[in-house]
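Chains, contacts and geometry: an overview
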Amino acid sequence: MLVFFISYLIGDFLLIFYENPDLRNIAFGFRAISFLVLAAMVFKRMQNLKLDFSGILVLVIACSVNFYLLHVLIDITPNTPGLDTFEFIFYAYGLSVILSVVASISYQMRYASKASFFFVVGVISLVLSKLSYYIGYYLEYNYFFLAFVFFEIIGLACLLNYLQKKPVESTSLI
């Protein structure tokens, strides 16, 4: 979890320099790492997860819709210097976000505990905060920056609460 918080902090700090294409790419790289770390945290605990056909079908449909929406987000991004590199990093970031949401929902469905509830709410809140930032910045709806801060606080608070509630035997730095 320490790796998550450090990479998340660096990624959010670099948002100050979002206009610089190189620092923007680095920021999205750190953000992708932080979401991959979140997914890795729960994948270790879900080794024996069994899915039936309907579960797999819902997963495929949900991921397909999310991949399409990720492509739409790239399309609404205005042309800026270094856009090709940004597109690649943004797709990697988007895939890591989708992976972390799938992992957190699967974790909640598998364990259905207070810890898993706080984890899934934390991850979804962080995803909504990043989406709010993107909408606020690129579509110039400044009120979305308030939603960004709100979801950011809720997400981090839920993840800290998850750390307090998760079982001792699964505690690690990741």
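The structure under discussion appears in the preceding block.
This structure is a prediction, so every number in the text was calculated from the model and none was measured.

In this structure the tally under the stated criterion is 26 aromatic pairs. On the numbers, 4.7 Å between centres and 50 degrees between planes, the contact of Tyr134 with Tyr138 is tilted. In this pair, Tyr134 and Tyr138 both sit in helix α5 (residues 114–138), four residues apart, roughly one turn of the helix. On the basis of relative accessibility, which here comes to 5%, the residue Tyr134 falls in the buried class.

Its volume calculated, the largest pocket comes out at about 870 Å³. Asn66, Val97, Ile98, Val101 and Val102 are, among the 36 residues lining the largest pocket, the residues nearest its centre. Listing elements by their share of the lining of the largest pocket, those giving two or more residues are α2 (21–43), α3 (53–75), α4 (83–111) and α5. Counting residues per element, the lining of the largest pocket draws most heavily on α4, at twelve residues.

Quick look at helix α1 (residues 2–13) now. Over its twelve residues, α1 runs 16 Å from end to end, which matches the ideal 16 Å to within 8%, given 1.5 Å per residue. All buried positions along α1 are accounted for by Phe4, Ser7, Tyr8, Gly11 and Asp12. The arc enclosing the buried residues of α1, seen along the axis, measures out at 130 degrees, which places them on a common side. Where the residues of α1 are buried, they touch α2, α5 and α6 (144–165).

A few words now on the pattern of salt bridges. Side chains bearing opposite charge may pair, as long as their charged atoms lie close to each other. One pass over the structure, following the stated rule, counts two salt bridges. For the salt bridge of Glu152 with Lys130, the shortest nitrogen-to-oxygen distance reads 3.2 Å. In this pair, Glu152 is assigned in helix α6 and Lys130 in helix α5, connecting sequence segments 22 residues apart. One network of salt bridges, with partners in common, ties together Asp12, Lys130 and Glu152.

Conventions used here
- Residues numbered from 1 in each chain as written.
- Predicted model: local features only at pLDDT ≥ 70, side-chain atom pairs only at ≥ 80, totals over all residues.
- Heavy atoms only, no water.
- Phe/Tyr/Trp six-rings, centres within 6.5 Å; stacked < 30°, edge-to-face > 60°.
- Helix = DSSP H or I, 4+ residues; strand = E, 2+ residues; numbered from the N terminus.
- Buried < 20%, exposed > 50% of the residue type's maximum accessible area, 1.4 Å probe, protein only.
- 1 Å grid on protein atoms, 1.4 Å probe; cavity = no way out; pocket = protein on both sides within 12 Å on 5 of 7 lines; lining within 4 Å.
- Points joined across faces, edges and corners; volume = space filled by probe spheres on them.
- Expected span 1.5 Å × (residues − 1).
- Arc of directions from axis to C-beta.
- Contact = heavy atoms within 4.5 Å.
- Salt bridge = Lys/Arg side-chain N within 4 Å of Asp/Glu carboxyl O.

Function cannot be read off these values alone, since they describe shape.
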